[in-house]
Amino acid sequence: MADQPSSSEPKKERFTPKTPVTLAPPKDDPIELDHLAKCDGTNEGFPTLVAIKGTVFDVTGNASYAPGKNYNVFCGKDASRALALSSLKPEDCVPNWEDLDDTAKKTLDDWFTFFSKRYNVVGRVAAGKEGQEEPEAEVPESKGPVDIEKQCGVLLTNGSQCPHSSTCKSHSWGAKRAVQGRSAPFDVLLQQHQEE
Ligand code: HEM
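Residues numbered from 1 in each chain as written. Predicted model: local features only at pLDDT ≥ 70, side-chain atom pairs only at ≥ 80, totals over all residues.

Peer 1: Can you break down the pairing of strand β2 (residues 49-52) residue by residue, with the values?
Peer 2: A two-sided burial pattern is seen for β2, the buried positions comprising L49 and A51 on one face and V50 and I52 on the other. Across four bridges, the pairing between β2 and strand β3 (residues 55-58) is antiparallel. Residue pairing across strands places A51 opposite V56, the latter belonging to β3. Following β2, the chain reverses through two residues before pairing antiparallel with β3; K53 in that reversal takes a positive phi of roughly 50°. (Buried ≥ 20, exposed ≤ 12 C-beta atoms within 10 Å, placed from the backbone. Helix = DSSP H or I, 4+ residues; strand = E, 2+ residues; numbered from the N terminus. Pairing = 2+ DSSP bridges.)

Peer 1: Before we move on, can you summarise the nonpolar core with the specific residues and values?
Peer 2: Ranked by internal contacts, the top residues of the largest apolar core, which has 27 residues, are L49, V50, A51, I52, V56, F57 and L83. When contributions to this core are tallied by element, the ones reaching two or more residues are β2, β3, α2 (80-85), α3 (102-116) and β4 (120-125). For F57, the contacting residues outside a window of four places in its chain are L49, V50, I52, F115, Y119 and V121. Within the second largest apolar cluster, nine residues are counted, among which are I148, C152, A175 and L190. (Core = buried A, V, L, I, M, F, W, Y, C linked by C-beta atoms within 7 Å. Contact = placed C-beta atoms within 7 Å.)

Peer 1: Give a description of helix α5 (residues 186-195) that names residues and reports values.
Peer 2: Restricting attention to buried positions, one finds in α5 the residues F186, D187 and L190. The buried residues of α5 occupy an angular sector of 95° when the element is viewed end-on, so they sit on one face. Considering only its buried residues, α5 is in contact with α4 (173-177). (Arc of directions from axis to C-beta.)

Peer 1: Could you give me a rundown of the environment of G153, with the residues and numbers involved?
Peer 2: Along the chain, G153 turns up in the loop between β4 and α4. Under the C-beta neighbour-count criterion, G153 is labelled buried, with 27 such atoms within 10 Å. Residues G153 and H171, spaced 18 residues apart in sequence, show a C-alpha to C-alpha distance of 9.5 Å. If near-sequence neighbours (up to four positions away) are discounted, G153 is found in contact with V146, I148, Q161, C162 and V179.

Peer 1: Hey, could you go over the pairing of β4 for me, with residue numbers and the actual values?
Peer 2: Judged by how many residues are buried, β4 sits mostly within the fold: six of six residues are covered. Of the strand pairs in this sheet, strand β1 (residues 30-31) and β4 are connected by two bridges, and their pairing is parallel. Looking at the pairing, I31 lines up with V125 of β4. One ladder, built from four bridges, connects β3 with β4; its direction is antiparallel. Bridge pairing links T55 to R124 in β4.

Peer 1: Tell me about the sheet that holds β3, and please be specific about residues and values.
Peer 2: Paired through their backbone hydrogen bonds, the strands of a sheet run either parallel or antiparallel. Across the sheet, which stays open at both edges, the four strands sit in the order β1-β4-β3-β2 with mixed pairing between neighbours. Edge positions in the sheet fall to β1 and β2, since each has one partner strand and no second.

Peer 1: Now, about α3: what can you tell me, with residues and values included?
Peer 2: With 15 residues, α3 should reach 21 Å at 1.5 Å per residue; the first-to-last C-alpha distance of 21 Å fits that figure. Among the residues of α3, T107, L108, W111, F114 and F115 are the ones counted as buried. Seen along its axis, α3 keeps its buried residues to an arc of 115°; they face one direction. Taken together, the buried residues of α3 touch β2, β3 and α2. (Expected span 1.5 Å × (residues − 1).)

Peer 1: A description of unusual backbone geometry should follow, citing residues and the corresponding values.
Peer 2: Residue F15 is not a glycine yet carries a positive backbone phi of 65°. Overall, F15 belongs to the partly exposed group, with 17 C-beta atoms counted inside 10 Å. Not every positive phi belongs to a glycine, and K53 is a case in point at roughly 50°. Counting through the fold element by element, K53 comes out in the loop between β2 and β3.

What follows is the structure, encoded as structure tokens:
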């Protein structure tokens, strides 16, 4: 993209909008995923929202995010991974970014700054849902090889992988997404598994 974050600009000025923007105080209200999904620009009366790393920005009014426009793919969801990867693929518009390399993580943080300087923060993705951490808990010992395509797979203190299903409540979404070696992002596999 023409205005993609780049490290060559002076730090203080980076991502500052050309036309000054007055932002409202950020809100910390939990926003449930089903509500967020309605806020994709297609529902009259609902704002158009984009979440990055669990923080929800209101992009209502920017034509780039309108239905049928390129960046509408990011709307109504946490699209962190796609922003980190500079991808417009719908399958990349998922929250999990923890397994990405440092360059992608930096790109994502730059997008966060870009959005922070332009759009009001209207809440955060509700706890226990995408983009949020959950408390760790005890898990049983693994009894056999773990299928990381369908199972939690988070590394346990005993060196084995958590044998719970992908919906395991003992490990955070972040930890599950960070498991290396899956054939596709955790959220994609989870969705496929649930559709089976
Ligand atoms: C041929 C490729 C692309 C072109 C020509 C392009 C062009 C542009 C332009 C002209 C803008 C407006 C800049 C401004 O407001 O100052 C923009 C913004 C943006 N682009 Fe791209 N882009 C491309 C690819 C991508 C890709 C692959 C992504 C995926 C992350 C992306 C994400 C965005 C986002 C999030 C914005 C910010 C929109 C806003 O909130 O104002 N672009 N792009």
